[in-house]
Amino acid sequence: MLELLDAWVERGWLRRIDRALVRWLKELEPSTPEPLLLAAALCSHQYGRGHICLDLSATLLDADATLSLPPEGDLGEEMPTKPSQWLEGTQLEGWLAAIKGSPLVNTEASPLVLVENRLYLRRNHGFEQAVAGHITDRLAPMEVSPELKPQLDALFGPGLNWQKLACGLAFRMPFTIITGGPGTGKTTTVVRLLGLKQQLALASGQKLRIGLAAPTGKAAARLTESIRGAVEKLALPDAVKAAIPVEVTTLHKLLGVIPQSRHFRHHHQNPLHLDLLVVDEASMVDLEMMSALLDALPASAQLILLGDKDQLASVEAGSVLGDLCQGADLGGYDADTQHFLEGLCGESLAAFTQGQSALAQCRAMLRVSHRFGSDSGIGQLARAVNLGQSEAALKLLRENRDDLKLLPIKDDGVALSRLAIEGYRGYLQVLNAERSSERDAWAAKVLAAFGRFQMLCALRKGPFGVEGLNQQIAEALKANGQLENDHGWYEGRPVLVTRNNYTLELMNGDVGICLRVVEADGSQRLRVAFPVVGGIKWVLPSRLSDVETVFAMTVHKSQGSEFDHTVLVLPDTLSPVLTRELVYTGITRAKSCFTLAAPKLGLLAAAVERKVERASGLREAFAGL
Ligand SMILES: Nc1ncnc2c1ncn2[C@@H]1O[C@H](COP(=O)(O)OP(=O)(O)OP(=O)(O)O)[C@@H](O)[C@H]1O
């Protein structure tokens, strides 16, 4: 087995760390049967791809597809034995028996845990148990005042309105999930909710300690902006408005990062001082972070998660929001919740009682987009993609609507370069035209203009990956006289921070632009301007190590951001990362115009028809409740 794993590592099929785990297990227990060693290697490999566990029965059905082996493009001769070949003839019962019999599994502090057909690395099982446990503790309904209906009617108007019902659920349940697509009013709803809750608390002589958090700095900045706008619009006394926080922090900052460690300052022994916490962009929160967050939240504090369940799952392992929102389209309300919600809206909700579960009682799905009306191309395209209707999606893209464009691209890259030159012209013009403005104001204008256009792509490598596209676009802008240079540090270079830097207080996902500034002594120097709450942070390029040029950005990195015009560049071959969730996330980053640039249109259909599910036991954890 170890030789086989060596061959897989050499081929790039398996990570070194997966093999190291297996070697360690064999050292711990030299008599470990090979089927368990294989399962451990695959389990570790799956974890690297975002899965919380290895589903053994799914693996037996299609081992190579489950692990997407061999990687794209590996057509070499003399293939090593594939997992499917090694497992040929293996029955689930036999595999489970070999796993269960080992002291490495399901014994005290054993490195592996088996639950039904799911094999976990112990720490992942721990995180999953912790998340399920903390949420289960928050599923008991609270008493609701009869005054709630008129109060909600005053905020949302009479009748059936999912925003109102979401708000109602958040008065009834200590844990609430509000999910919905772009512009369905998640922020609006939660701000009205916070206004009402704080108003009631202040009237009874208390003040709620409210926290607002998002997974990345970019998402936090965007949310701060939209919450501030929504609070201003509230028809509430100034004293109440002043008691609603508008500043959103990152989850890392909220929990208190301890540098060089996986631990946080806040945990169950040093909980957060909060009565209510709202976490936006919850689809980006991975299982480990969710576990840390719930551990740090006092039992008395209410938690509200906001997010779009159909977006890509977190970059790190897990698909917490997706798992918790399984079946949310159906409603799934039991008789008590149905009665409560019908009392609030005065209409029958009998159509929303299928698929009942304990979790469904604290979930509301917002169903009407206020940003994209029914005739909006972006809205219709997002819906078609979400439903897996690839033909309808293509038809919409071909209709040449104002807000949807289709750009077939050829090998020479000319069309794409032309689009980039056009798209990035705006911020480069602002950069030059506003140079004489005050320094921070200039940078703020350049950054705002840069945020109006963004190219997104699926992959990192290859001509249609982030590296190839960045190079191509920078070259095109330089050749067109818009940039002074196309490598190293140059004025106009937009950069993305790729790793949290606590010293500089820059977070993974932050975007800055390199500008030539005049120093106090009259000398000129390149500095990178980053938007921060209340101003601009200027950083010398030499202090920035983990950054990359961001004319093109992966869709993964774009989560939590929006751009007026978003271009999604598809690759020329089908890759495992190209999925419905990725295309949907790319489309929904667009505020007013979306362009699909594709060398092969057929790939759109293939991607849209492929929905990924990350293996985890979170759904099962709530199924029986
Ligand atoms: N009930 C409503 N009636 C009219 N307009 C609304 C309503 N709810 C929200 N809006 C408007 O729709 C827009 C989007 O709302 P909001 O930002 O709350 O949505 P969201 O779901 O948080 O969006 P996203 O997370 O995609 O940015 C805002 O301009 C908001 O003022």
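Not measured: the values here are computed from a predicted model.

The rules behind these values
Residues numbered from 1 in each chain as written. Predicted model: local features only at pLDDT ≥ 70, side-chain atom pairs only at ≥ 80, totals over all residues. Helix = DSSP H or I, 4+ residues; strand = E, 2+ residues; numbered from the N terminus. Contact = placed C-beta atoms within 7 Å. Core = buried A, V, L, I, M, F, W, Y, C linked by C-beta atoms within 7 Å. Buried ≥ 20, exposed ≤ 12 C-beta atoms within 10 Å, placed from the backbone. Domains from an automatic or database assignment. Pairing = 2+ DSSP bridges. Axes fitted to C-alpha atoms, helices over the stretch in contact; angles between N-to-C directions. Parallel < 35°, antiparallel > 145°, perpendicular 65-115°, else oblique. Left-handed = near helix turned anticlockwise from the far one by under 90°. Nonpolar A, V, L, I, M, F, W, Y, C, P; charged D, E, K, R; others polar. pLDDT = per-residue confidence, 0-100. Near = placed C-beta within 6 Å. UniProt positions renumbered as here; feature names shortened; annotations may be inferred.

Trainee: What's the story with the overall build of the protein chain in this structure? I'm lost.
Mentor: Counting its secondary structure elements, the protein chain contains 26 helices and 19 strands. Projected onto its principal axes, the C-alpha coordinates of the protein chain cover approximately 70 × 70 × 50 Å. In the protein chain, of all internal contacts separated by at least 6 residues, the share reaching a separation of at least 24 is 73%.

Trainee: So what exactly am I meant to see when it comes to the nonpolar core here?
Mentor: Side chains that are nonpolar tend, in soluble globular proteins, to be buried together. Formed by 108 residues in total, the largest nonpolar core has its most connected members in Ala39, Ala40 and Leu119. Here the element with the most residues in this core is helix 3 (residues 34–48); it accounts for nine residues. Counting only domains with at least three residues in this core, you end up with domain 1 (1–116) and domain 2 (133–328 + 358–370). The residues touching Ala39, leaving out its near neighbours within four places in the chain, are Leu54, Leu56, Ile99 and Leu119.

Trainee: What is the right way to read the sheet that holds strand 13 (residues 511–518) from this model?
Mentor: Hydrogen bonds between backbone atoms are what pair the strands of a sheet, whose relative direction is either parallel or antiparallel. Strand order in the open sheet formed by five strands is 15-14-13-12-16, with antiparallel pairing between adjacent strands. Edge positions in the sheet fall to strand 15 (535–539) and strand 16 (547–549), since each has one partner strand and no second. Going from strand to strand, the sheet's axes swing by 40° on average, the running direction of each strand aside. Pairing geometry for strand 12 (residues 494–497) and strand 16, over three bridges, is antiparallel. Along strand 16, the bridge assignment pairs Val497 with Val547. Each of strand 12, strand 13, strand 14 (524–532) and strand 15 touches helix 21 (residues 439–450); the most contacted strand, strand 13, lies at about 145° to it.

Trainee: What am I meant to see in the sheet that holds strand 3 (residues 118–121) here?
Mentor: In spatial order, the strands read 1-3-2; together these three strands make up an open sheet with antiparallel pairing. For this open sheet the edge positions go to strand 1 (53–55) and strand 2 (112–115), each flanked by a neighbour on one side alone. Mean inter-strand twist for the sheet, computed between neighbouring axes without regard to direction, equals 20°. As paired elements, strand 2 and strand 3 share four bridges and run antiparallel to each other. When the bridges of strand 3 are listed, Leu114 appears paired with Leu119.

Trainee: Can you walk me through the packing of helix 20 (residues 414–433) against helix 22 (residues 466–479) in this structure?
Mentor: The relative placement of two packed helices is expressed as an angle between their axes plus a distance between the axes. Running from N to C, helix 20 and helix 22 cross one another at 65°; their axes reach a closest spacing of 9 Å. Taken together, the axes of helix 20 and helix 22 are roughly perpendicular relative to one another. Helix 22 is crossed by helix 20, and the crossing has right-handed handedness. On the side of helix 20, the interface is formed by Leu416, Ser417, Ala420, Ile421 and Tyr424, while helix 22 contributes Gln472, Ile473, Ala476 and Leu477. Here the residues of the contact of helix 20 with helix 22 sort into seven nonpolar, two polar and no charged.

Trainee: In this structure, what is going on with the packing of helix 18 (residues 377–386) against helix 19 (residues 390–398)? I would like to understand it.
Mentor: Taken N-terminus to C-terminus, the directions of helix 18 and helix 19 make an angle of 160°; their axes are 8 Å apart at the nearest point. Taken together, helix 18 and helix 19 sit at an angle that is classed as roughly antiparallel. Where helix 18 crosses over helix 19, the handedness of that crossing is left-handed. Of the residues in helix 19, those in contact with Gly377, Gln380, Leu381, Ala384 and Val385 of helix 18 are Ala392, Ala393, Leu396 and Leu397. Partitioning the contact of helix 18 with helix 19 into residue classes produces seven nonpolar, two polar and no charged.

Trainee: Mind showing me how you'd approach the confidence of the model for the protein chain here?
Mentor: Do not read the predicted coordinates in detail wherever pLDDT is low. Averaged over all residues, the pLDDT of the protein chain equals 91, while 98% of them reach at least 70. The ipTM value of the predicted complex is 0.98, and its pTM value is 0.89.

Trainee: What is the right way to look at unusual backbone geometry in this model?
Mentor: Most peptide bonds adopt trans geometry, and most residues besides glycine take a negative phi value. Phi at Ala109 is positive, roughly 60°, even though this residue is not glycine. Structurally, the position occupied by Ala109 is in the loop between helix 7 (92–100) and strand 2. Backbone geometry places Glu505, a non-glycine residue, at a positive phi of 55°. Under the C-beta neighbour-count criterion, Glu505 is labelled partly exposed, with 14 such atoms within 10 Å.

Trainee: When you look at the site of the ligand in this model, what are you seeing that I'm missing?
Mentor: Neighbouring the ligand are Gln163, Gly180, Pro182, Gly183, Thr184, Gly185, Lys186, Thr187, Thr188, Ser226, His370 and Arg371. The element best represented in the shell around the ligand is helix 11 (residues 186–203), accounting for three residues. The class makeup of the residues in the shell around the ligand is one nonpolar, nine polar and two charged.

Trainee: I keep staring at the UniProt feature "domain: ATP-dependent RecD2 DNA helicase SH3" (unreviewed entry) in the protein chain and nothing clicks. Help me out?
Mentor: Feature annotation in UniProt assigns "domain: ATP-dependent RecD2 DNA helicase SH3" (unreviewed entry) to the following positions: residues 469–530. Secondary structure within residues 469–530 divides into 18% helix and 31% strand; the distance between the first and last C-alpha atoms comes to 23 Å.

Trainee: Honestly, the pairing of strand 8 (residues 302–307) in this entry has me stumped. Any pointers?
Mentor: Within a regular strand, side chains alternate between the sheet's two faces. With six of its six residues buried, strand 8 lies for the most part within the structure. Here strand 8 shows no split at all, with Gln302, Ile304 and Leu306 on one side and Leu303, Leu305 and Gly307 on the other all buried. Both strand 4 (residues 175–180) and strand 8 contribute to a ladder of five bridges, which runs parallel. Note on strand 8: the bridge partner recorded for Thr179 is Gly307.

Trainee: I tried to follow the domain arrangement of the protein chain on my own but got confused; where do I start?
Mentor: Size of an interface: often given as the accessible area lost when the parts come together. Segmenting the protein chain into domains produces domain 1 (1–116), domain 2 (133–328 + 358–370) and domain 3 (377–485 + 548–609). Computed over C-alpha atoms only, the centres of domain 2 and domain 3 are separated by 31 Å. Contacts between the two partners involve 15 residues from domain 2 and, on the opposite side, 13 residues from domain 3. At three residues, helix 12 (residues 217–233) tops the list of elements feeding residues into the side of domain 2 that touches domain 3. Taken together, the residues of the side of domain 2 that touches domain 3 sort by class into seven nonpolar, four polar and four charged.

Trainee: Quick question: what am I supposed to make of the environment of Met173 here?
Mentor: Within the secondary structure, Met173 sits in the loop between helix 10 (162–172) and strand 4. Sequence separation between Met173 and Asp280 is 107 residues; the distance between their C-alpha atoms is 18 Å. Residues contacting Met173, with those up to four places away along its chain left out, are Pro141, Met142, Gln361 and Cys362.

Trainee: Would you take a moment to explain helix 10 for this structure?
Mentor: For an α-helix, the turn length of 3.6 residues means that residues three or four places apart are oriented alike. Counting buried residues in helix 10 gives ten out of eleven residues, a clear majority hidden from the surface. Burial in helix 10 covers these residues: Trp162, Gln163, Lys164, Leu165, Ala166, Cys167, Gly168, Leu169, Ala170 and Phe171. Contact partners of the buried residues in helix 10: helix 9 (148–156), strand 4, helix 11, strand 8, helix 17 (335–345) and strand 9 (363–366).

Trainee: Looking at this model, I keep getting lost on the environment of Met553. Mind explaining?
Mentor: Assignment of secondary structure puts Met553 in strand 17 (residues 552–554). Note on Met553: 24 C-beta atoms within 10 Å, which makes it buried. For Met553 and Gln454, which are 99 residues apart along the polypeptide, the C-alpha to C-alpha distance reads 7.7 Å. Apart from the residues within four sequence positions on either side, Met553 is in contact with Gln454, Leu456, Val466, Leu496 and Ser558.

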